[in-house]
Amino acid sequence: MSHIKRIQNVVLGILTLLLAAVMLLAPKESLPLIAVILSLSLFAYGFKTMWFYFRMARHMVGGKKILYRAIITLDLSLFLLSMIRADSFIIMVYLLFVFVFKGFVDVLRAFEAKKNGSRQWRPKLIAGIIIVLFAIAMLVVGIILGKTEILVYGYCVSLVNSAVIRIISAFKRTAVVYVA
């Protein structure tokens, strides 16, 4: 990782921590902000995937899968953007879906890593299970008790987690492979 990329990761980590702190101060007003953040991040990922398709993937085997992924991601982004003015219940369900999906993907990646013989599959499996259980706990507390702030707190915890991981990875030494 270059020095500029390391500085970018530290700055993005600090900005993410500040965003989480702002959302913790006003949890009721943060639910539309969460929808905007999720929508913009999905839009950026969809646009990046679409750009990759037009630049390179259309010439690759399986390139249409990348095009379909880009279109679906852009559609989900626009759908979430249209739900900002809707009831907060829909945004909560969408946020819970994102948490459960991320945990499910982590569990599947752990099983794939185990199948490939990696020794790091256990922490991935545990992290995925914790994310799914965290989403279920937020569902129980947030929807059954009617407290939307719980979901905002859960999203802030995930933001803090990703920011800390980003900052730690910026200071981690990267292995350089030399081919002689």
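Caption draft 1: Expanded view of the overall build of the protein. Regarding its fold elements, the protein presents 6 helices and 0 strands. The linear arrangement of helices and strands in the protein, starting from the amino end, is α-α-α-α-α-α. Among the 180 residues that make up the protein, the fraction classed as buried is 32%. Look at the contacts in the protein between residues 6 or more apart in sequence, and 69% of them connect residues 24 or more apart. Here the protein has roughly 12,500 Å² of accessible surface; of this, 71% comes from carbon and sulfur atoms. Taking the average place of the 21 positive charges on the side chains of the protein and the average place of its 6 negative ones, the gap between the two points comes to 16 Å.

Caption draft 2: Here's a closer look at the packing of aromatic side chains. Counting across every chain of the model gives 2 aromatic pairs. Here Tyr53 and Phe54 contribute two aromatic rings whose centre-to-centre distance is 5.3 Å and whose plane-to-plane angle is 65°, an arrangement assigned as edge-to-face. We classify Tyr53 as buried; its relative accessible area is 13%. A centroid spacing of 6.1 Å and a plane angle of 25° characterise the contact between Phe97 and Phe101, whose relative ring orientation is stacked. Here Phe97 pairs with Phe101, and both are found in helix H4 (residues 88–115), just 4 residues apart, close to one helical turn. Here Lys114 stacks its cationic end above the ring of Trp121, 4.8 Å away from the centre of that ring.

Caption draft 3: Representation of the pattern of salt bridges in the model. A full pass over the atoms with the stated rule returns 1 salt bridge. For Lys102, the salt bridge goes to Asp106, with nearest N and O atoms at 3.3 Å. With Lys102 and Asp106 both in helix H4 and 4 residues apart, this pair spans about one turn of that helix. The buried category is assigned to Asp106, whose relative accessible area is 17%.

Caption draft 4: Representation of the layout of surface pockets within the structure. By volume, the largest pocket is sized at about 2,100 Å³. Mapped by element, the contributors of at least two residues to the lining of the largest pocket are helix H1 (3–25), helix H2 (30–55), helix H3 (63–82), H4, helix H5 (121–144) and helix H6 (149–171). It is H6 that provides the largest number of residues to the lining of the largest pocket, a total of 10 residues. Grouping the constituent residues of the lining of the largest pocket by class yields 26 nonpolar, 7 polar and 7 charged.

Caption draft 5: Geometry of the nonpolar core. Among the nonpolar cores identified, the biggest contains 20 residues, and Ile34, Leu95 and Tyr155 are the most heavily contacted of them. At the level of secondary structure, the elements contributing two or more residues to this core comprise H1, H2, H4, H5 and H6. It is H4 that provides the largest number of residues to this core, a total of 6 residues. Sequence-distant contacts of Tyr155, that is, excluding residues within four places in its chain, are made with Met23, Ile34, Ile37, Leu38, Leu95 and Phe99. Counting 7 residues, the second largest nonpolar core, distinct from the first, contains Met50, Ala57, Leu67 and Ala70.

Caption draft 6: Summary view of the environment of Val140. Relative to the elements of secondary structure, Val140 occurs in helix H5. The partly exposed category is assigned to Val140, whose relative accessible area is 41%.

Caption draft 7: Quick look at the packing of H2 against H3. Two elements in contact, H2 and H3, have axes whose closest approach is 8 Å; the angle formed by their N-to-C orientations is 155°. Classified by the angle between their axes, H2 and H3 sit roughly antiparallel to one another. The chirality of how H2 crosses H3 is left-handed. Across from Ala35, Leu38, Ser39, Leu42, Phe43, Tyr45, Gly46, Phe47, Thr49, Met50, Phe52 and Tyr53 in H2, the residues of H3 making contact are Gly63, Ile66, Leu67, Arg69, Ala70, Ile71, Thr73, Leu74, Leu76, Ser77, Leu80 and Leu81. Along the lines of polarity and charge, the residues of the contact of H2 with H3 split into 17 nonpolar, 6 polar and 1 charged.

Caption draft 8: Summary view of H3. The terminal C-alpha atoms of H3 lie 29 Å apart, and with 20 residues this matches the ideal 28 Å at 1.5 Å per residue to within 8%. If you check which residues of H3 are buried, you get Gly63, Ile66, Leu67, Ala70, Thr73, Leu74, Ser77 and Leu80. Down the axis of H3, the buried side of the element spans an arc of 160°, and every buried residue falls inside it. Residues of H3 that are exposed and point more than 90 degrees away from the buried face comprise Lys64, Lys65 and Ile72.

What counts and how
- Residues numbered from 1 in each chain as written.
- Predicted model: local features only at pLDDT ≥ 70, side-chain atom pairs only at ≥ 80, totals over all residues.
- Heavy atoms only, no water.
- Helix = DSSP H or I, 4+ residues; strand = E, 2+ residues; numbered from the N terminus.
- Buried < 20%, exposed > 50% of the residue type's maximum accessible area, 1.4 Å probe, protein only.
- Contact = heavy atoms within 4.5 Å.
- Areas by Shrake-Rupley, 256 points an atom, 1.4 Å probe, with all protein chains shown as cover.
- Lys, Arg positive; Asp, Glu negative; His and termini not counted.
- Charge placed at Lys NZ, Arg CZ, Asp CG, Glu CD.
- Phe/Tyr/Trp six-rings, centres within 6.5 Å; stacked < 30°, edge-to-face > 60°.
- Lys NZ or Arg CZ within 6 Å of the ring centre and 35° of its normal.
- Salt bridge = Lys/Arg side-chain N within 4 Å of Asp/Glu carboxyl O.
- 1 Å grid on protein atoms, 1.4 Å probe; cavity = no way out; pocket = protein on both sides within 12 Å on 5 of 7 lines; lining within 4 Å.
- Points joined across faces, edges and corners; volume = space filled by probe spheres on them.
- Nonpolar A, V, L, I, M, F, W, Y, C, P; charged D, E, K, R; others polar.
- Core = buried A, V, L, I, M, F, W, Y, C linked by side-chain atoms within 4.5 Å.
- Axes fitted to C-alpha atoms, helices over the stretch in contact; angles between N-to-C directions.
- Parallel < 35°, antiparallel > 145°, perpendicular 65-115°, else oblique.
- Left-handed = near helix turned anticlockwise from the far one by under 90°.
- Expected span 1.5 Å × (residues − 1).
- Arc of directions from axis to C-beta.

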